[in-house]
Structures are given as structure tokens and as C-alpha cells.
Amino acid sequence: MRPSRRLHLQFQAVLLAICFVVCPRAVLAQNSAQLPPQWNDAVGQLADKIAADVSPLHPLSLEAKNMSSLSPTEATSVRSALESELKNRSFRIAPADSAAATAQSATPVQFTLAESAEDYVLVAEIESTSEPDSRPQIAIVSAPKVTPGIADQQSNEFLSLDKRLIWQQPGKFLDFALLAGPPEFYSILAILEPERLVAYRSSDSQWKMRKAVAIPHSKPWPRDLQGTISVENKIVSLPGVQCIGDVLDLDKISCAPPRVLNGARTTVDIPGRERSLNVELFARCGSGSVVLASGTGDWTQPDSIQGYVHAEADRPATASGTPMDLDGPVTALWAESRENAARAIVRNLKTGNYEGYIVTATCSH
Amino acid sequence: MLAALPARTARRPRYGGTLHVEISATLASLDPAVEVSTPEEAAAKSQIDGLIYDHRDADGTFSGEQGSGPFRVTTWEPGKHATLEANDNFREGRPFVDSIELTMGVSTHDRLLDLQLNKADLAEIPPQEARSASERGMRVSISKPDELLALVFNTADSAASRKASVRQAVAQSIDRAAVVNFILQKTGESAGGLLPQWSSGTAFLFPTTTDPARAKELWSQISPAPKLVLGYHSADPLEQSVAERIVVNAKEAGISITAEAIQNSAPKNAPVRSQASHVDVTLLRWRMPSPHPKDALRDILLLLYAGPLAGVNSTPFPDSASPQDIYNQQRAILDKFTVVPLVWLPQVYGLSARVRDWTVPSPAEQWPLADVWLDTGTDAGADKQP
């Protein structure tokens, strides 16, 4: 199992390295004609294959079907891009099932957007107009899996939650820190993995690894390992290990057994979520402090983060606003230095990636 | 307050407890030098090896010392029972459960009963039993369909099977939907290609519909019409049910075919079990060794070209095969009707209510028993650390 998973993870890592910065922005673009570069390549290749099989003298009637996990909006974007590519190759597109398509003896092309274990798969089944009973020509290309997503629109009953994806990678990580480092804004990203602390620098709109330091530990980590980065205190904490120093300068960071034992996390009493991860933010909403808590499933289920208002120390917190759904379990939840934000690590069950989000709680009065 | 909570409110894993696992296979030894005699034993041995060895080599074999994995064997009664204890020093962290009690040689009936009585925490369930188990309130975990049940024609020994029209007529007479709906109780899906849709993304291009009229027409053109024998594994009740269903379908199309149980007389590690020479066509069960379409297809191609397709000129399959190459390879084989995919079967597991963080393994993955923990309903042991 493990070698196979590693191969898969390596494959994903390559894809992520390619499109970490570019893809999400492009997929999120509302303009349906804009696709990530890798998708443009794939759509162009499919158009080339269609053009190799069909003469542009006759129009194409294009029918599309989405069998993938892409949303209808995203699938429409891909179809539009394919139509554009075909038009660039001198094809006319007749509306499918239209009288015009029949009258112009259009070549039917069934375009299917599917998904394999590794990629999205774009399939064109090209019917023959001269031999209707013959098997269609099949053209297949692949496009890398890029997780599209649109920021959740939450109601703002009391607390409204918003999330921003900061980082994702196939391998587990425990915490992250996004740092403003001159001259750029947010130019350093520190990722705490079980075995190392990695610093990435923003360069040409991409994160490039700058430095990694190993985290020594004499005993195997516990299976439910937790660790956190405190930028303010310049401490990276894991069970039995503290690394002290500025994460902006990993050369000067040093790790050793902690002089003071790590204190237990203070959690808030939330009825029904006693064993969930929860974190009390510095922000306040009305008369209470703001608490975020993960859901009640186990680590094999999708999760959510719910906002709570904790008015009195000896009373349970009460839910406020609607929960924010996530594609996998929250494995860590830490308060950000900004008063109304937290860092959440989520293991996306669809992609297998670990994702780091900044979750912001806004109090609406 | 905790007592009033629903059973599944736990979030953070807990350490402790004994996981009771029941399997049908009987293993005499875990010694790598001792060969296993059935695919079930091989699968069970692989699962146990995955628990006691640190890692697998690139060739799929386990290496290193026994006990270097998340568990170590402390009791071994050949063919009956084993106890595996958690390895506190496992590289990836101590497992959550303290130990695993593994009982071997348990029948399907007894496994289902023990799951219902909470005497077992984890047991494999045949796919055809999944629905009824679920309807009886059992907790069932089902994988993506990753095991192919297919017809394979014995073109080496059977003159009838060497006729493409015979193979095509049989293939087009089969009602796969009936197999899925009635025999498998909808636990599975019709197979048209050599890879499932979730793996290749292109399985939808291979039709799975039945065409009895076409089958009848093809058969009527064959003279003299042969009498075919369909062999199935004598110890596999699912194969028997499917074989009998195929016979019914074929007879509706006028095809003369009988089903016959055959012993698994294949040599150990043979790619495809040997077929009795009088058998024209047999059922083949093949489990994907990898979720990746290229790797999985390469594996079944090796099986087929070493067995039923031996001597057939194969299309080169490049290392960097594209989805188009993968489709073309399948199309080239399936157009010959020597191999007729029937259904995709999932792996089905029954779980007790206290099992948490069980993730159904994909092809090539091991049972994730190091990640599983037991929700005992109390906080005792919740914060116990290794």
C-alpha cells in the first residue's frame, strides 16, 4: 500500500508544484473562456484530434456531457473553450439537435468530460455521417486534476465564516504560517510537516522552496501528532520538541526538548462537540468571544467548521451562523494572530491532499 | 453529558482496546518461504504482512524484519488464530489499538453472525451479501468496484472458442444488468471494459447492453452449432450463480451451453487458473493491483497474454501510455471477444459500531488497521499516549 500511495503522492506533488499558484486563480475566474494553462493545452489537443478526423467543410454539432466531479459551470467553461478551439480551426458549430444541424449534415460529436484515478479525461466520440452504423472515432486527452472551488457564500446571521486556501500538498502537515517579509507582502510561507519545517518564498507568483530543517525526535511521533507554529513567540512546538527561532530565518532555528512542558490546549465546552477540535479567537461578537469548532464525524468523513459565541466562561458556547462545509476532516485548528481568524488544516477526501486554510469569522450585528 | 451524546460524536482518536478481525482464509505460516495455495490465502497473507512489516519494496514484496511494522505477532496458531500487538516504536507512530485478535477459517455465515453479535469488529463480506447485511442493520463499508468478473474463452484447447462468431454470440447474449441487480443485489456494476470508470475515465465507451437478437442471429449462422461448456470455480458461490445466469441468457438466444464446476488445479502463482481441456469458456476473477489505469491494465495484459491470449500478437503498450493508448489497448482485446467483461465487484467489509477511522482500502492498499481506533463510549484511554 505505502509505495503505491507514495507514487501517487509524488505524481500529485508534481502537478501541484506546476499549478499551485496559477490553477486555482484561473479556475476561479468567472470568465467562462478562461481556463488554467494545462486545460487550454488539453482542449487544444482534443480539437487537434477532432480536426484530424473531420473535415471542416461540414459543421460540427457538439453535444456535451459531464461525468466528472467538475461543477456544471466549470464543465460549461471547458465546453466553451473546446468550441473556441474548434472555431480557431475553421470549424462551424451547429447547435446540437437543431434543424440547422440536420440540414447542414453536421458531424455529430459527443463531448464527454470524465475523470480517471489520475486525471480529468476529455473524450470526443465523432460519428461518421457517411457510415452512420459504424463505430464512432474516439479521441481522448487528459487534463491534470486541479481542484476547482468557489469560496463558500455564508449567510451572515451572526457569525459568517469565510475560508481562503493558502496551501495544499499530498503529504501531511500540521500547521502553517504566512509571513510578511520585506519587500513583498506575504512573501514567506512556513509549513510544519511531521519531520521538517519548510520555508517557501514567493517568487514570480509561485511558491519556491527556500529552506527546510529537519525536526529531530528520539521516539516515534504519536499517530495523532499535533504541532504548531507560533510566529509571535518564535516557537515551533511538537510533542517533546521545541524549535526556537524566527521562521523567516531557518538557518538560525534550533530544536531541543522543551524546557517547559507543552501545556494542554484550552478548549471550550460545546455541547455535542466535546471531542471536536475547537479554538477560541481573540475576536468578540456581541458580549461573547468567538469560537470555531470542527464537526462530529471521524477522520474518514467530510467535516465542517461552525462558529460559536462564548458569552460566559462557565457556560457552554452557542452556535452562531451556518457551518462552513469542508471536503474532509479538520486535522488541526489554531488561532491566528489576527483576532478574527484561525488556521485550519483539512485533509481533502476527494483529492487526498492536506489543505491549509485561513478561516475568517465576521460578526454581523 | 457524555452519556447523552449520540454514539458517533468522537473526533480525536483514542488509544487502547483489542480489534477482533475474522477472515475466511486459513494461513499455515507467515514464513515468506512457505507458498500459499489459493488467492484468498495470498490476499490474507498480504494483509497480515502489511501489518507486521515496515514497508513494501517496489516489486510488491515486504522486506525487513517481521515486527518492524505497526504490529508484531505474539501468538500464532497455524490456520486458526493469531494475536498481533501494537508496536510502540513503529516509525509512523504507535497504532491506536493495543492488539488485534485475528481468527482464520471463519465461514461467511459465521462472520456475518459474529458481526451482528459484536463478536467481530471487522470481517470481509461477499459482495452479494452486502445488501442483505445492510438491511439487517449491519455497518457495511464498500470499496470502489475493483475486482473484475469476466468470461475468458479457451481458444487454446476449444475449437468452438476459436470461432469469433461463437464468442461474439455468447458475449451479446449476456444480461449484465440482471447479474448486477439480482445476483449482486446492486452491489457492483456492469463491466464493458477491462478497467472501471473511476480508474480509466473511459469505461463508458465500452457498451454493456445485451443484444439477444444479434446473438441469436450470429448463432444461427454457425454450422454445426457447438455445445459449449462454461467452467466456474467449484468453491465460489458467486461464480456458480453468475455461470448459471449466463447459461439461462445463452439458452434464450438459442445457444447450447452448460455450466460445470471445476477444481482450482492451477499451479501456484499461475496467471490464470488452468482450464480443463474440455471447457470452452471459464469465469475469471481479477482484482486490480493498482488504482492507476496504466498499472492495472499492464497487470491484466500480462495475465491474458500469458494465458488465454498466448500467441496473439499484442499491440505495444508504452510505459508512458496515454488515456488514448489505454483505451486503444482495451478496444483491441475486447473486439476479439476472447475476454468478455461482465461485472465489477467491490470489496465489502462489515464493521462493528465501535470501529472508527476505518477507510476502505483502494487496490494495492492494506487494511488501515494502524489508523483504526475503538470508540468504547467512555473517555477511559482517550488521552493515553504511547
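Scanning chain B from terminus to terminus reveals ten helices and 17 strands. The C-alpha radius of gyration of chain B comes to 23 Å, within 12% of the 21 Å expected for a compact globule of 386 residues. Overall, chain B is about 75 × 45 × 40 Å in size when its C-alpha atoms are taken along their principal axes. Taken across its 386 residues, chain B has 46% of its residues classed as buried. Summarising the internal contacts of chain B: among those between residues at least 6 apart in sequence, 68% fall at separations of at least 24.

A few words now on the overall build of chain A. Scanning chain A from terminus to terminus reveals five helices and 22 strands. Counting the 365 residues in chain A, one finds 37% classified as buried.

Take the sheet that holds strand S15 (residues 348-351) of chain B next. Residue and element names in this part refer to chain B. Here seven strands make up an open sheet; going across it, the order is S4-S5-S6-S1-S7-S15-S8 and the pairing mixed. Of all the strands in the sheet, just strand S4 (71-77) and strand S8 (139-142) have a single pairing partner and so form its edges. The average angle at which neighbouring strand axes cross in this sheet is 25°, direction not considered. Bridge count for strand S5 (residues 81-86) against strand S6 (residues 99-103) is five bridges, and the pairing is antiparallel. Looking across to S6, one finds that Leu84 is bridged to Ile100. Along the sheet, helix H1 (residues 39-52) makes contact with S4 and S5, crossing S4 at roughly 135°. Of the strands in this sheet, strand S1 (18-22), strand S7 (122-125) and S15 are in contact with helix H2 (residues 108-116), which crosses S7 at around 140°.

Let's shift gears to the sheet that holds strand S11 (residues 228-230) of chain A. Sheet strands associate in pairs through backbone hydrogen bonding, adopting either a parallel or an antiparallel arrangement. Residues and elements named next belong to chain A. In spatial order, the strands read S11-S12-S13-S14; together these four strands make up an open sheet with antiparallel pairing. Every interior strand has two partners, whereas the edge strands, S11 and strand S14 (254-256), have only one. Each adjacent strand pair in this sheet contributes to an overall mean axis angle of 20°, direction not counted. Looking at chain direction, strand S12 (residues 235-238) and strand S13 (residues 241-244) are connected through four bridges and run antiparallel.

Another point: the environment of Glu85 of chain B. Residue and element names in this part refer to chain B. Tracing the chain through its elements places Glu85 in strand S5. Assessed through the 17 C-beta atoms surrounding it within 10 Å, Glu85 is described here as partly exposed. Look past the residues within four positions of Glu85 in its chain and what remains in contact with it is Phe71, Arg72, Thr74, Asp98 and Ser99.

Residue and element names in this part refer to chain B. An ideal rise of 1.5 Å per residue puts 20 Å on 14 residues; helix H9 (residues 293-306) measures up with 20 Å between its terminal C-alpha atoms. Taken together, the buried positions of H9 are Pro293, Lys294, Ala296, Leu297, Ile300 and Leu304. Down the axis of H9, the buried set is contained in an arc of 160°. They therefore lie on one face. Summarising the geometry of H9, the exposed residues directed more than 90 degrees from the buried face are Leu302 and Ala306. Contacts made by the buried residues of H9 are with helix H6 (197-200), strand S13 (281-287), helix H10 (323-334) and strand S14 (339-345).

Another aspect to go through is unusual backbone geometry. Residues and elements named next belong to chain B. Residue Pro224 is bonded to the preceding Ser223 through a cis peptide linkage, with omega at -5°. By the secondary structure assignment, Pro224 is in the loop between helix H7 (212-220) and strand S11 (228-233). With a phi angle near 60°, Phe337 is a residue other than glycine that sits in the positive phi range. If you trace the backbone, Phe337 turns up in the loop between H10 and S14.

To continue, consider the domain arrangement of chain B. All names here are of chain B. As far as domains go, chain B holds domain 1 (2-143 + 348-374) and domain 2 (147-345). With 14 residues of domain 1 at the interface, the matching set in domain 2 holds 15 residues. Sort the elements by how many residues they give to the side of domain 1 that touches domain 2 and helix H3 (residues 130-135) lands first, with three residues. In terms of residue class, the side of domain 1 that touches domain 2 is built from seven nonpolar, five polar and two charged.

Moving on to the pairing of strand S4 (residues 119-126) of chain A. All names here are of chain A. S4 sits mainly inside the fold: seven of its eight residues count as buried. Where strand S3 (residues 107-115) and S4 come together, seven bridges link them in antiparallel fashion. When the bridges of S4 are listed, Thr112 appears paired with Val123. Across eight bridges, S4 lies against strand S5 (residues 137-144) in antiparallel orientation. Within S5, the position partnered with Tyr120 by the bridge is Ala143.

Below, the discussion takes up helix H8 (residues 237-252) of chain B. Residues and elements named next belong to chain B. With 16 residues, H8 should reach 22 Å at 1.5 Å per residue; the first-to-last C-alpha distance of 23 Å fits that figure. Of the residues making up H8, those classed as buried are Leu238, Glu239, Val242, Ala243, Ile246, Asn249 and Ala250. On an axial view of H8, the arc spanned by its buried residues comes to 125°, and they lie on one face. Where H8 ends, the next residue or the one after it, Gly254, has phi of about 85°, a positive value.

Before going further, it helps to examine the packing of helix H3 (residues 37-53) of chain A against helix H4 (residues 72-88) of chain A. All names here are of chain A. At their nearest, the axes of H3 and H4 sit 9 Å apart, and the two run at 50° to each other. Of the possible angle classes, the one that applies to H3 and H4 is oblique. The hand of the H3/H4 crossing is right-handed. Contacts between H3 and H4 involve Trp39, Asn40, Val43, Gly44, Leu46, Ala47 and Ile50 on the former and, on the latter, Val78, Ala81, Leu82, Glu85 and Leu86. Residue classes in the contact of H3 with H4 are distributed as nine nonpolar, two polar and one charged.

This paragraph deals with the confidence of the model for chain B. All names here are of chain B. Looking at chain B as a whole, its pLDDT mean stands at 88, while 90% of the residues score no less than 70. No element of chain B has a lower mean pLDDT than strand S3 (residues 62-63), which averages 72, and none a higher one than S1, which averages 98. Within the model, pLDDT remains below 50 along residues 1-10, and this stretch shows 15 contacts once partners closer than five positions in the same chain are excluded. In this model residues 267-273 is a low-confidence stretch, pLDDT under 50, and it forms 13 contacts with partners more than four residues away in sequence or in other chains.

Here we come to the confidence of the model for chain A. All names here are of chain A. In this model, chain A carries a mean pLDDT of 79, and residues with pLDDT of at least 70 account for 79%. When the elements of chain A are averaged for pLDDT, helix H2 (residues 22-28) gives the smallest value, 35, and S4 the largest, 95. Of the regions scoring below 50 in pLDDT, residues 1-33 engages in 53 contacts with residues more than four places distant in sequence or in other chains. Between residues 147-157, whose pLDDT stays under 50, and residues either more than four places distant or in other chains, the model counts 24 contacts.

If you look at the biggest cluster of nonpolar residues, it comprises 88 residues, and the most contacted ones within it are Val43, Leu46, Ile50 and Leu122 of chain A together with Leu230, Leu342 and Val343 of chain B. If you look at the next biggest cluster of nonpolar residues, it comprises 48 residues, including Tyr200, Val291, Trp334 and Val359 of chain A.

Thresholds applied
Every chain is numbered independently, its residues counted from 1 as its sequence is written. Chains carry letters from A onward and ligands carry numbers from 1 onward, assigned in written order. With the structure being a predicted model, the display of local features is reserved for residues of pLDDT at least 70 and the display and counting of side-chain atom pairs for 80 or more, all residues being used for whole-chain, interface and lining totals. Only DSSP runs of H or I with at least four residues qualify as helices, and only runs of E with at least two residues qualify as strands; both kinds are numbered from the N terminus onward. A radius of gyration in this sense is built from C-alpha atoms; the matching globule rule multiplies 2.2 Å by the number of residues raised to 0.38. The exposure scheme places C-beta atoms from the backbone and then counts, for each residue, the other C-beta atoms within 10 Å of its own, assigning buried at 20 or more, exposed at 12 or fewer, and partly exposed in between. Contact between residues is assigned whenever the C-beta positions, reconstructed from backbone atoms, fall within 7 Å. Here a strand pair is declared whenever DSSP counts at least two bridges between the two strands. Here an angle of 0 to 180 degrees is reported between the N-to-C directions of two axes, which are lines fitted to C-alpha atoms, with helices fitted over the stretch in contact. Working rule for helices: expected span equals 1.5 Å times residues minus one. An arc is given here, and it is the one of the directions from the helix axis to the C-beta atoms. A domain assignment, automatic or from a database, supplies the domain bounds used here. When residues are grouped by polarity, Ala, Val, Leu, Ile, Met, Phe, Trp, Tyr, Cys and Pro land in nonpolar, Asp, Glu, Lys and Arg in charged, and all others, Gly among them, in polar. Angles are sorted into four bins: roughly parallel if under 35 degrees, roughly antiparallel if over 145, roughly perpendicular if 65 to 115, and oblique for all others. In this scheme the crossing of two helices becomes right-handed for a clockwise turn of the near helix relative to the far one and left-handed for an anticlockwise turn of less than a right angle. Known as pLDDT, the predictor's confidence for each residue is given on a scale from 0 to 100. What makes a nonpolar core is a set of buried Ala, Val, Leu, Ile, Met, Phe, Trp, Tyr and Cys residues, with links drawn between C-beta atoms within 7 Å.

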